[in-house]
Amino acid sequence: MIKLPVQNKRIPERNCVGCGNQFPKNQLIRVVKTQSGEVFLDTTGKLSGRGAYICRNSECFKKARKAKKLERSLSVTISDEIYDKLEGQVAECEN
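Notes on the structure in this doc start here. (Residues numbered from 1 in each chain as written. Predicted model: local features only at pLDDT ≥ 70, side-chain atom pairs only at ≥ 80, totals over all residues. Heavy atoms only, no water.)

The secondary structure content of the chain amounts to three helices and five strands. The linear arrangement of helices and strands in the chain, starting from the amino end, is β-β-β-β-β-α-α-α. The C-alpha radius of gyration of the chain comes to 16 Å, more than 25% above the 12 Å expected for a compact globule of 95 residues. Dimensions of the chain along its principal axes, counting C-alpha atoms only, are 60 × 30 × 20 Å. Residues classed as buried in the chain amount to 29% of the 95 residues present. (Helix = DSSP H or I, 4+ residues; strand = E, 2+ residues; numbered from the N terminus. Rg over C-alpha atoms; globule rule 2.2 N^0.38 Å. Buried < 20%, exposed > 50% of the residue type's maximum accessible area, 1.4 Å probe, protein only.)

Below, the structure is given as structure tokens:
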């Protein structure tokens, strides 16, 4: 019996829109914009729509919010209500 070497599965990396650093995709939070224009967190990472990734760090989220980086990468205007809701969800994921 011949044993083949085990191949390591490559984990895709994505850039955080807040700090610009690259991280493995599974360590980031995905913010998605659906075709109807709704913006929310995608905890599964599998929803269809335009996605942007952000660190599990509330400071990084605040940076992205202040510079409107999420709006730019998703090509949509995000209201303060949605930002506040997203910030609360990011804080939950941080802990």
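Turning our attention to the pattern of salt bridges. Using the criterion set out here, one finds five salt bridges in the structure. The partner of Arg30 in a salt bridge is Asp42, with the nearest N and O atoms 2.6 Å apart. Linking Arg30 in strand β3 (residues 29-33) with Asp42 in strand β4 (residues 39-42), this pair joins segments that are twelve residues apart in sequence. Per residue, the accessibility class of Arg30 equals that of Asp42, and both read buried. Between Arg65 and Asp84 there is a salt bridge; the shortest N-O distance is 3.0 Å. Here the residue Arg65 occupies a position in helix α1 (residues 58-66), and Asp84 occupies one in helix α3 (residues 80-94), the gap between them amounting to 19 residues. Assessed through its relative accessible area of 45%, Asp84 is described here as partly exposed. A single network of salt bridges, built from pairs that share partners, joins Arg65, Asp80, Asp84 and Glu87. (Salt bridge = Lys/Arg side-chain N within 4 Å of Asp/Glu carboxyl O.)

Okay, the environment of Ala91 next. Along the chain, the position of Ala91 falls in helix α3. Since its relative accessible area comes to 30%, Ala91 is described here as partly exposed. A sequence separation of 35 residues divides Ala91 from Arg56, and the C-alpha atoms of the two residues are 7.7 Å apart.

Right, let's get into the pairing of β4. Two strands pair when backbone bridges link them, and β3 and β4 are joined in this way by four bridges, in the antiparallel orientation. Each bridged residue has a counterpart across the sheet, and for Val31 the counterpart in β4 is Leu41. In this structure, the hairpin formed by β3 and β4 is closed by a connection of five residues, where Gly37 is found at a positive phi of approximately 95°. (Pairing = 2+ DSSP bridges.)

Inspection of the secondary structure puts Glu71 in helix α2 (residues 69-74). Every residue in contact with Glu71, bar those within four places of it in the chain, is listed here: Val76, Thr77, Ile78 and Tyr83. (Contact = heavy atoms within 4.5 Å.)

Scope: geometric values only; no functional claims are made or implied.
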